[in-house]
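Secondary and tertiary structure notes
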Amino acid sequence: MDLPRIERAVREILVAVGEDPEREGLRQTPSRVARMYAEFFAGLHSDPAQYLTTQFTETYDEMVVLKDIPFHSMCEHHLLPFEGRASVAYLPDGKVVGVSKLARVVEAFALRPQLQERLTSQVADVLMDTLTPKGVAVVMQATHSCMTCRGVRKAGSIMVTSAMRGRCRSDARTRSEILALLHP
Ligand SMILES: [Zn+2]
């Protein structure tokens, strides 16, 4: 990541809005923001599938659910954060992964310019492709700063997205069972 370039850009924004980037309070702001962006977008330099390469053979064939994984991400339309919780479930087909790896996958996809809809699908798709389970379900709920502190200013509104794959999508019973488990 090109930190000096981010710093120059932030300084430009300060000048453009009519601020003095040399005043004491703002002098370190460009470098602070650059480091913050490096954190926010660290996922751009990682491959989320790498967290799923260590798999364990297992005959357990009931739903595996990790609920309420906290995440924060950056809305790509406004570069403002959105944050919330993700719940990830899959129906194993002879293989499982370490449960913390599900949280790693959510984080790796979240730390890049994102849309909640795409983030939800990406987590479901990488699990389907890498672990090849019988089904995957991902539900995310988040509050978006671009909605709460600007625009329509609707504080407290929560956006819910879900992505169902395999049997979680095609089998009505599995689908309603998993939705009942995952929804708040
Ligand atoms: Zn936005």
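Being a predicted model, the structure only gives us computed values, none of them experimental.

1. Details of the domain arrangement of the protein chain
Along its sequence, the protein chain is carved into domain 1 (3-40) and domain 2 (50-182). Taking the mean C-alpha position of each, domain 1 and domain 2 sit 33 Å from one another.

2. Notes on helix 4 (residues 116-131)
An ideal rise of 1.5 Å per residue puts 22 Å on 16 residues; helix 4 measures up with 23 Å between its terminal C-alpha atoms. For helix 4, the complete set of buried residues consists of Gln116, Leu119, Thr120, Val123, Ala124, Val126, Leu127 and Leu131. Considered in projection along helix 4, the buried side chains sweep an arc of 160° and stay on one side of the axis. Of the residues one or two after helix 4, Thr132 is the one with positive phi, at around 40°.

3. Notes on helix 1 (residues 3-16)
Its 14 residues give helix 1 an end-to-end C-alpha distance of 20 Å, which sits within 8% of 20 Å, the value for a rise of 1.5 Å per residue. Buried residues of helix 1: Ile6, Val10 and Leu14, and no others. Burial along helix 1 is one-sided: seen end-on, the buried residues are contained in an arc of 80°. For helix 1, exposure combined with an orientation more than 90 degrees from the buried face picks out Arg5, Arg8, Glu12 and Ala16. Packing partners of the buried residues in helix 1 comprise helix 2 (29-40). In the stretch just after helix 1, Gly18 is the one whose phi turns positive, near 100°.

4. A closer look at the nonpolar core
Counting 28 residues, the largest nonpolar core has Phe71 and Val123 as its most contacted members. Sorting the residues of this core by element identifies strand 2 (64-75), strand 3 (80-91), strand 4 (95-97), helix 3 (99-110), helix 4 and strand 6 (135-144) as the ones contributing at least two each. For this core, the element with the highest residue contribution is helix 4, accounting for 6 residues. Each residue touching Phe71, except ones within four places of it in the same chain, is listed here: Phe82, Glu83, Gly84, Arg85, Ala86, Val106, Ala110, Leu119, Met140, Gln141 and Ala142.

5. What to know about the packing of helix 1 against helix 2
It is the contact of helix 1 with helix 2, at a shortest axis distance of 8 Å, that shows an interaxial angle of 125°. If you check the angle between helix 1 and helix 2, you find them oblique. Along this stretch, helix 1 crosses helix 2, giving a crossing that reads as right-handed. Contacts between helix 1 and helix 2 involve Leu3, Ile6, Glu7, Val10, Arg11 and Leu14 from the former and Pro30, Ser31, Val33, Ala34, Arg35, Tyr37 and Ala38 from the latter.

6. Thoughts on the coordination of the zinc ion
Looking at the zinc ion, the protein donor atoms are Cys75 (SG), His78 (ND1) and Cys146 (SG), and they sit 2.1 to 2.2 Å from it. All donors of the zinc ion come from a single chain, and their spacing in sequence reads C-x2-H-x67-C. You can see His78 sitting in the loop between strand 2 and strand 3 and its partner Cys146 sitting in helix 5 (residues 145-148), a full 68 residues away along the chain. The class of His78 is partly exposed, set by a relative accessible area of 36%. According to the relative accessible area criterion, Cys146 is buried, its value standing at 12%.

7. What to know about the pattern of salt bridges
A complete count under the given rule lists 5 salt bridges for this structure. Of the charged contacts, one joins Arg11 and Glu22 as a salt bridge, the two residues approaching to 2.4 Å between their closest N and O atoms. You can see Arg11 sitting in helix 1 and its partner Glu22 sitting in the loop between helix 1 and helix 2, a full 11 residues away along the chain. Since its relative accessible area comes to 41%, Glu22 is described here as partly exposed. Across the salt bridge formed by Arg104 and Glu107, the nearest N and O atoms sit 3.8 Å from each other. With Arg104 and Glu107 both in helix 3 and 3 residues apart, the pair spans about one turn of that helix.

Criteria and cut-off values
Residues numbered from 1 in each chain as written. Predicted model: local features only at pLDDT ≥ 70, side-chain atom pairs only at ≥ 80, totals over all residues. Heavy atoms only, no water. Domains from an automatic or database assignment. Helix = DSSP H or I, 4+ residues; strand = E, 2+ residues; numbered from the N terminus. Expected span 1.5 Å × (residues − 1). Buried < 20%, exposed > 50% of the residue type's maximum accessible area, 1.4 Å probe, protein only. Arc of directions from axis to C-beta. Contact = heavy atoms within 4.5 Å. Core = buried A, V, L, I, M, F, W, Y, C linked by side-chain atoms within 4.5 Å. Axes fitted to C-alpha atoms, helices over the stretch in contact; angles between N-to-C directions. Parallel < 35°, antiparallel > 145°, perpendicular 65-115°, else oblique. Left-handed = near helix turned anticlockwise from the far one by under 90°. Donors = N, O, S within 2.8 Å, 3.2 Å for Na, K, Ca; no water. Salt bridge = Lys/Arg side-chain N within 4 Å of Asp/Glu carboxyl O.

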